[in-house]
Amino acid sequence: MDALARELKRGSAELMILALLEERERHGYDLARLIGERSQGAISFHVASLYPTLYRMEDKGLIEGRWVEKPGQRRRRYYRLTAA
């Protein structure tokens, strides 16, 4: 994949993440699944490659994450939009 295609995918993914988080807070696996679903497979993320995008967006102050632990489940990091 050339650099332009990579940047387009990254930008599209960030916009989709922001749109999905506008609805409600979500965890990474949920975001990856919904991006694939809503883009009808045009953008697919291996969950592992989604996290660097989420961390970058968190560093920019666009989203914030928090760890949530529920009995009987492993802990998950839920993301939500910030005021920015």
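This structure is a prediction, so every number in the text was calculated from the model and none was measured.

Visitor: Lay out the side chain of H27 in plain terms, naming residues and giving numbers.
Guide: Tracing the chain through its elements places H27 in strand 1 (residues 26–27). Judged by its relative accessible area of 11%, H27 is buried. Dropping the residues within four chain positions of it, H27 is found in contact with R76, R77 and Y78.

Visitor: Any details on the pairing of strand 3 (residues 76–81)? Residues and values, ideally.
Guide: Bridge count between strand 1 and strand 3: 2 bridges; the pairing is antiparallel. Directly across from H27, in strand 3, lies its bridge partner Y78.

Visitor: Explain the packing of aromatic side chains to me, and be specific about the residues and the numbers.
Guide: In the structure shown here, the tally under the stated rule is 1 aromatic pair. Plain terms: the ring middles of Y51 and Y55 are 6.2 Å apart, the flat faces sit at 35 degrees to each other, and that makes the pair tilted. With a gap of 4 residues between them, Y51 and Y55 both fall in helix 3 (residues 47–59), about one helical turn apart. Accessibility expressed as a relative area gives 42% for Y55, which makes it partly exposed. If you follow R75 out to its NZ or CZ, it ends over the ring of W67, 4.0 Å from the centre.

Visitor: So what's going on with the confidence of the model for the protein? Residues and values would help.
Guide: When pLDDT is averaged along the protein, the result is 86, and 90% of the positions lie at 70 or above. The least confident element of the protein is helix 1 (residues 3–23), whose mean pLDDT is 80; the most confident is strand 2 (residues 63–68), at 96.

Visitor: Help me get a handle on the pattern of salt bridges, residues and values and all.
Guide: Throughout the structure, instances matching the rule amount to 11 salt bridges. Two residues, R66 and E25, come together in a salt bridge whose shortest N-O distance is 2.5 Å. Of the two residues, R66 sits in strand 2 while E25 sits in the loop between helix 1 and strand 1, which places them 41 residues apart along the sequence. The exposure class of E25 is partly exposed, given its relative accessible area of 25%. Measuring nitrogen to oxygen at the nearest pair gives 3.2 Å for the salt bridge that ties D30 to R26. The buried category is assigned to D30, whose relative accessible area is 9%. Taken together, the shared-partner salt bridges connect E23, R24, R26, D30, R33, E37 and R38 into one network.

Calculation rules
Residues numbered from 1 in each chain as written. Predicted model: local features only at pLDDT ≥ 70, side-chain atom pairs only at ≥ 80, totals over all residues. Heavy atoms only, no water. Helix = DSSP H or I, 4+ residues; strand = E, 2+ residues; numbered from the N terminus. Buried < 20%, exposed > 50% of the residue type's maximum accessible area, 1.4 Å probe, protein only. Contact = heavy atoms within 4.5 Å. Pairing = 2+ DSSP bridges. Phe/Tyr/Trp six-rings, centres within 6.5 Å; stacked < 30°, edge-to-face > 60°. Lys NZ or Arg CZ within 6 Å of the ring centre and 35° of its normal. pLDDT = per-residue confidence, 0-100. Salt bridge = Lys/Arg side-chain N within 4 Å of Asp/Glu carboxyl O.

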